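Fold and geometry: a report
Below are the chains, spelled out letter by letter.
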Amino acid sequence: MADRPPPVKKVPLHLQFSTGRTTNVVPSDIANRAPKTACSSKAVESSTRTASSTPTSTSRMASSGGIDTMTRLQQPADAAGAGGAASADDFYSGTRAALAGGTTTVLNLAAPRPGEPLVAAFDRWRELADEKVCCDYGLHVAITSWTDKTAAEMSQLCSERGVNSFKMLMADVHQLSDADLLKVFTHCKKIGAIAQIHAENGDAVREMTSRLLSAGVTGPEGLALSRPEAVEAEAVRRACMLAAQVGCPLHLPHLSSPAAVDEVSAARRRGHIVYGAVTAAALATDGTHYWNRCWRHAAAHVVVPPLRPEPSTPDRLVDLLASNDLHCSASDHCTFTSEQRAVDRDDFTKIPQGIGGVEERMAIVWEKGVAQGKIDPMRFVAVTSTNAAKLFNLYPKKGVVAVGSDADLVVWDGETSRVISASTHHQRCDFSVFEGQTVRGVAEWVVSRGRVCVEEGQVRAVQAAGRFLPMAGFAPTVYLRVQQRDKARVPRPVDRSSSAAAADGGPAAPPAVAPKEPPSPETETDGTAPPQPPSPAAGDGGHQPSSPDTPDSGDIMGSRVPKRTAVKVHAPPGGRSAGSFW
């Protein structure tokens, strides 16, 4: 140990790797482009110490650092759902915990105070974060109301402050109406931003909450009873429909139920540009804890949307993540201590809403996905890093290990196991919803912007070492399709002038606003295609047209072949019929 070189704080952007020893998430030509450095070579030595020479090994691998698409670090006491308590984890402890788990970038929600301009709120959150963050971060901005100034403020945030995503609520104190949502969606599309939605039917939640409190249901179980799956699924369906009307890309940042994810999948099959993320808690635990007889235990699981009481839900959500029905993983990290949650035990609506996961997220995805054979290591990197980078226009700066990209690296040991516990995690809360779970997957080495932050499992994070990440609008992964659709699907009015009517002599054909070829399952449309003809009645053979443009009304050959009238057969084979068949 005496001849060990001093730690290197900065590493060139092009890191050195041993070829043929890691999964193919690391380009093999990097080794030929840069010299080794002390920290990168030791990290690679760790990654190859026990790995097989085949790229299918899941023992150790090196890949890009994780990206958590939604956190709520340093949430103030006056925030919606905070119950009058500031979150336990601030930007220092939260990002330090993120690095311990292999995440090198967090995207945090910046919510304005009542009456506070959006730009002023953003600047205030920047000041809070810059002096504390240990890793890089970006900011989503919450739209809590729509005024005559909101559009201009959104434009300024996008063009001058590096904000390309805005989050709205469909429930609770900052619930926006459908009319206001349409205004936000329209302007998001105009400035190249992504709209994010907390999807729950607020009217239904208020009604059910009132009934439960009147019936004496005041404990944490009331949260789950007042916000069932149907409430989330309906709001997801409505949000997808509204966004599609104006062609705005949509992201659902913390889906908690298979029913809600099914709505996202159905919208994508209809061609809507919509993406979904699932939280680590939803993948690893369920809502049966709300009925635990220990109030402290039950209250520690309070989050909205709530965890679902069906025990099979986590496995089902993992399956949906594996099948690309879900696209990213998040933590929605917002923690509180047991003392903070117990301020008002007689009203479940006043329990601070939020749980942890920023540190456990990647290990949960690995254990529930890769270790169970449901996803491969490449898919693991996609749902924990690359997809998020592309969605929020951070790629290829983030989400990939390549020459010119930020030096964010995690050496992941997929075989070492650990037991999650509040006594050993790096967060400031005194309870973990993952308590006692054994997971495989440990971030042995973590490098953020070339700085070694985790060395052989030991956290060496530095306060204020992280930087703000401006996220430009019009992310190519999302908006190239949007822009092409706008060019290809311009509505055309019907020419009803007297000259046109005289020349045609008949009804005008409906304007073509959709491609003429039959859409494939992967084809995206924005919901502007002409309506489908009604389903054929029973007994007509059940034939459906292949596309809205197919001239078909139950005839397989289409209307180009004239139909014959029914023919009465008088002497069919086998003898004369006593009556008519047809």
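You'll find the structure just up there.
Below: a short report on this structure.

Cut-offs and rules
Residues numbered from 1 in each chain as written. Predicted model: local features only at pLDDT ≥ 70, side-chain atom pairs only at ≥ 80, totals over all residues. Heavy atoms only, no water. Helix = DSSP H or I, 4+ residues; strand = E, 2+ residues; numbered from the N terminus. Contact = heavy atoms within 4.5 Å. Salt bridge = Lys/Arg side-chain N within 4 Å of Asp/Glu carboxyl O. Buried < 20%, exposed > 50% of the residue type's maximum accessible area, 1.4 Å probe, protein only. 1 Å grid on protein atoms, 1.4 Å probe; cavity = no way out; pocket = protein on both sides within 12 Å on 5 of 7 lines; lining within 4 Å. Points joined across faces, edges and corners; volume = space filled by probe spheres on them. Nonpolar A, V, L, I, M, F, W, Y, C, P; charged D, E, K, R; others polar. Axes fitted to C-alpha atoms, helices over the stretch in contact; angles between N-to-C directions. Parallel < 35°, antiparallel > 145°, perpendicular 65-115°, else oblique. Left-handed = near helix turned anticlockwise from the far one by under 90°. Pairing = 2+ DSSP bridges. Expected span 1.5 Å × (residues − 1).

Turning our eyes to something else, we now look at the side chain of Lys398. Considering the arrangement of structural elements, one finds Lys398 in the loop between helix H15 (377-391) and strand E10 (409-419). Leaving out residues up to four positions away in the same chain, Lys398 has contacts with Ile67, Thr105, Asp136, Ala389, Asp406, Asp408 and Leu469.

This part takes up the pattern of salt bridges. Throughout the structure, instances matching the rule amount to 31 salt bridges. Here Arg428 and Asp90 are joined by a salt bridge, their closest N and O atoms 3.1 Å apart. Of this pair, Arg428 sits in the loop between E10 and strand E11 (438-448) while Asp90 sits in the loop between strand E2 (66-71) and helix H2 (91-100), and the two are 338 residues apart along the sequence. Judged by its relative accessible area of 44%, Arg428 falls in the partly exposed class. With its nearest N and O atoms 2.7 Å apart, the salt bridge here joins Arg449 to Asp136. Remark: Asp136 occurs in strand E4 (residues 136-142) and Arg449 occurs in the loop between E11 and strand E12 (451-455); sequence separation between them is 313 residues. Side by side, Arg449 and Asp136 carry an identical accessibility label, which is buried. Put simply, Asp136, Lys397, Lys398, Asp406, Asp408 and Arg449 are held in one network by salt bridges that share partners.

Here we come to the layout of surface pockets. One number sums up the size of the largest pocket: a volume of about 650 Å³. Surrounding the largest pocket, 37 residues form its lining, Ala80, Gly81, Leu169, Asp172 and Gln353 being those nearest its centre. Here the lining of the largest pocket takes 4 residues from helix H6 (residues 202-214), the largest share from any one element. Considered class by class, the residues forming the lining of the largest pocket number 17 nonpolar, 11 polar and 9 charged.

This paragraph deals with the packing of helix H8 (residues 229-246) against helix H9 (residues 258-269). Where H8 meets H9, the axes come as close as 8 Å, and the angle between the chain directions of the two elements is 20°. The pairing of H8 with H9 is recorded here as roughly parallel in orientation. Seen along the crossing, H8 lies across H9 with a hand that is right-handed. When H8 is examined against H9, the residues Glu229, Glu232, Ala233, Val236, Arg237 and Cys240 are found in contact with a partner set consisting of Pro258, Ala259, Ala260, Glu263, Val264 and Ala267. Within the contact of H8 with H9, the residues separate by chemical class into 8 nonpolar, no polar and 4 charged.

A word on the packing of H9 against helix H12 (residues 313-322). Close contact between H9 and H12 brings their axes to 10 Å; oriented N to C, the two are set at 20°. If you check the angle between H9 and H12, you find them roughly parallel. Note that H9 runs across H12; the crossing there is left-handed. Residues Pro258, Val261 and Asp262 of H9 lie in contact with H12, whose contacting residues are Thr313, Arg316, Leu317 and Leu320. Classifying every residue of the contact of H9 with H12 by side-chain character gives 4 nonpolar, 1 polar and 2 charged.

Our next topic: the sheet that holds strand E6 (residues 194-198). In space, the 8 strands of this open sheet follow the order E2-E3-E4-E5-E6-E7-E8-E9, with parallel pairing throughout. At either end of the open sheet lies a strand with only one pairing partner, and these are E2 and strand E9 (328-330). Neighbour to neighbour, the strand axes of the sheet diverge by 30° on average, direction disregarded. Packing of helix H3 (residues 118-130) onto the sheet brings it into contact with strand E3 (103-110) and E4, and relative to E4 it is tilted by some 155°.

Quick look at H8 now. With 18 residues, H8 should cover 26 Å at 1.5 Å per step; its first-to-last C-alpha distance of 27 Å lies within 8% of that length. Val231, Glu232, Ala233, Ala235, Val236, Arg238, Ala239, Cys240, Leu242, Ala243 and Ala244 are the residues of H8 that are buried. Contacts from the buried residues of H8 go to helix H5 (178-191), E6, H6, strand E7 (250-255), H9 and strand E8 (274-279). In the stretch just after H8, Gly247 is the one whose phi turns positive, near 70°.

In this model, Val304 is joined to Pro305 through a cis peptide bond whose omega is -10°. When you line up the elements, Pro305 lands in the loop between helix H11 (295-299) and H12. Residue Tyr395 is joined to Pro396 through a cis peptide bond whose omega torsion reads 5°. Along the chain, Pro396 falls in the loop between H15 and E10. The residue Asn324 is not glycine, and still its phi comes out positive at about 70°. The topology assignment puts Asn324 in the loop between H12 and E9. If you check the backbone angles, Asn393 has positive phi at about 60° while not being a glycine. With respect to the helices, strands and loops of the structure, Asn393 is situated in the loop between H15 and E10.

Moving on: the sheet that holds strand E13 (residues 458-459). What the 5 strands build is an open sheet, ordered E1-E10-E11-E12-E13; its pairing is antiparallel. The open sheet has two edge strands, strand E1 (60-64) and E13, and neither has a second partner. With 4 bridges joining them, E11 and E12 adopt antiparallel strand pairing. Paired with Val447 across the strands is Val452, a residue of E12. Contacting E1 and E10, H15 crosses the sheet at an angle of about 35° to E1.

All right, on to the pairing of E2 then. Of all 6 residues in E2, 6 are buried; the element is thus mostly enclosed. Taken together, the 4 bridges between E2 and E3 define a ladder with parallel strand orientation. What sits directly across from Thr71, in E3, is Asn108.

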